[in-house]
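# Descriptive structure summary
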Amino acid sequence: MTTTDAPGSQEYICVTCGTQYPASAQPPAACPICEDDRQYIGPQGQQWTTLAAMRGHYHNRFDPIEPGVTGIITEPKFAIGQQAFLIETPGGNVLWETLTYVDETTVAEIQRRGGVEAIAISHAHYYATMVEWSRMLGGVPIYLHETNRRWVMRPDPAVRFFSEDTVELVPGVTVIRCGGHFPGASVLHWADGAEGQGLLFSGDTIQVVPDNRWVTFMYSYPNQIPLDPETVRRIVAAVEPYSFVRLYGAFGRHVLADAKAAVRRSAERYIEHIQSPAANETV
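Residues numbered from 1 in each chain as written. Predicted model: local features only at pLDDT ≥ 70, side-chain atom pairs only at ≥ 80, totals over all residues. Heavy atoms only, no water.

## Remarks on the overall build of the protein chain
Basically, it comes down to this: Strands are runs of DSSP state E lasting at least 2 residues, helices are runs of H or I lasting at least 4, and numbering of each runs from the N terminus. Throughout, the radius of gyration refers to the C-alpha atoms, and the reference size of a globule is 2.2 Å times the residue count to the power 0.38. Think of it in three bands: with a 1.4 Å probe and only protein chains considered, a residue is buried below 20% of the maximum accessible area for its type, exposed above 50%, and partly exposed in between. We call two residues in contact when some of their heavy atoms are within 4.5 Å. In short, Shrake-Rupley with a 1.4 Å probe defines the accessible areas, and a residue's cover is counted only from the protein chains shown.
If you tally the helices and strands in the protein chain, you get 7 helices and 20 strands. Relative to a compact globule of 283 residues, whose C-alpha radius of gyration would be 19 Å, the protein chain shows 19 Å and is just as compact. For the protein chain, the spread of C-alpha atoms along the principal axes amounts to about 60 × 50 × 35 Å. The buried share of the protein chain, taken over its 283 residues, is 57%. Relative to all contacts within the protein chain whose residues are 6 or more apart in sequence, the contacts with residues 24 or more apart total 55%. Within the structure as shown, the protein chain displays about 12,200 Å² of accessible surface, and the carbon and sulfur contribution to it stands at 51%.

Put into C-alpha cells, the structure is as follows:
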C-alpha cells in the first residue's frame, strides 16, 4: 500500500509520464522528467494524481507471450502506456520495467507465479511507481544504472545502482547498459529464452517500428531527436556478444524472427541515412 510521511501528504504521480514522487502535502511544482527534452508534457500542462485516486479506474492485464514470458499492461492506457514483462526462469523470476498502476490483484498474480527476485528498468521514463512495486513484492531490489541516478525522483533503499556495463540478476538473465536514449539506458537479455536461442527485451533503447523487421534508435521519440552514428554503433556493440532470436519492445511491437540481424541492418540503414548529404540538406 502507499505510505505517507505526514498527515495529509501523498505520493503524487505525474499524469504525463507516470512517475511517482515522495510524499508531500502538495503536488510538486514541476516534473523534471517531463521538462527534459526527451519528453513532452502536452497542451494540457502538468497534472497530478495518486495511486489511491487511480484505484477502481484501472487494472493490469497479464498476456502470455511465450514460455516463460508474460506481458503486463495497464488498462485503460495510462501515461506513456509501456508494457512490463514477467520473466520466469528456474533460477528465479525477474520483472522487467514497471507500470504506474499496481494493486493487490497484480501482486497476487505475480506471487502465484513464484514472485520475483529482482526488478530492472531500462530508463527513467519507466521508473513509474517502482518503489511501490518493490514494497508490495516484499522489498525486492530494483536495479538501475548509476548514470541515471539523477532521474530517480523517489529515492529508496531498494534501489541498487550498478556501475558495470552488465549485471546478472539471476542465472542467465542480464541487464546490458547500452546508453543512447539515456546515459544508462539498458536492455535485458535472457540466454535460455526461446529454447536457448535467446531473447532481448529492449524497452525503447532499441525501438521496434511499425514494420517489425526493423528497429530504430532515438534520443527523443516524442520530439524526434535522433542519435549520432557513434552512439548507435555503441548500442549495437553492447548487444553483439549476446544471441537473441526475438526482441520485445515496450509498446506491443516485437521483432519475432532473426532479431539480432534486424538490429544490425537497422543500425546500418540509420547511420547511412544520418550521414548522407540529403539528410543534412536545409529545406
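## Focus on the packing of helix α6 (residues 229-239) against helix α7 (residues 259-275)
When two helices pack together, you describe them by how their axes are tilted relative to each other and by the distance separating the axes. Selection rule: Helix axes use the C-alpha atoms of the stretch in contact, all axes being lines fitted to C-alpha atoms, and the angles between their N-to-C directions lie in the range 0 to 180 degrees. Roughly parallel refers to an angle under 35 degrees, roughly antiparallel to one over 145, roughly perpendicular to one between 65 and 115, and oblique to any angle outside these ranges. In this classification, the charged set is Asp, Glu, Lys and Arg, the nonpolar set is Ala, Val, Leu, Ile, Met, Phe, Trp, Tyr, Cys and Pro, and all remaining amino acids, among them Gly, are polar.
Between α6 and α7, the least distance of the axes is 10 Å, while the angle of their chain directions is 170 degrees. When the interaxial angle is binned, α6 and α7 end up roughly antiparallel. Across the interface between the two elements, P229, V232, R233, V236 and V239 of α6 pack against K260, V263, A267, Y270, I271, I274 and Q275 of α7. Here the contact of α6 with α7 is built from residues that sort into 9 nonpolar, 1 polar and 2 charged.

## Observations concerning the environment of E230
Inspection of the secondary structure assignment puts E230 in helix α6. A C-alpha to C-alpha distance of 9.8 Å links E230 and G180, two positions 50 residues apart in sequence.

## Observations regarding the nonpolar core
Note the threshold: Nonpolar cores were defined as sets of buried Ala, Val, Leu, Ile, Met, Phe, Trp, Tyr and Cys residues, with membership established by side-chain atoms within 4.5 Å.
With 43 residues, the main nonpolar core has M130 and L137 as its most contacted residues. Elements that contribute at least two residues to this core include exactly β1 (10-14), α1 (32-35), α2 (51-54), β6 (84-87), α3 (104-112), α4 (130-136) and β9 (142-145). Here this core takes 4 residues from α4, the largest share from any one element. Other than its neighbours up to four places away in sequence, L137 contacts L95, V107, I110, Q111, V116 and I119. Within the second largest apolar cluster, 25 residues are counted, among which are V215, I235, V239 and A259.

## Re unusual backbone geometry
Following E75, the chain continues to P76 via a peptide bond in cis, the omega torsion being -15 degrees. In this fold, P76 is placed in the loop between β5 (69-75) and β6. For A79, which is not a glycine, the phi torsion comes out positive at approximately 55 degrees. Considering the arrangement of structural elements, one finds A79 in the loop between β5 and β6. With a phi close to 45 degrees, A128 is a non-glycine residue in the positive phi region. Among the structural elements, A128 can be located in the loop between β8 (118-120) and α4.

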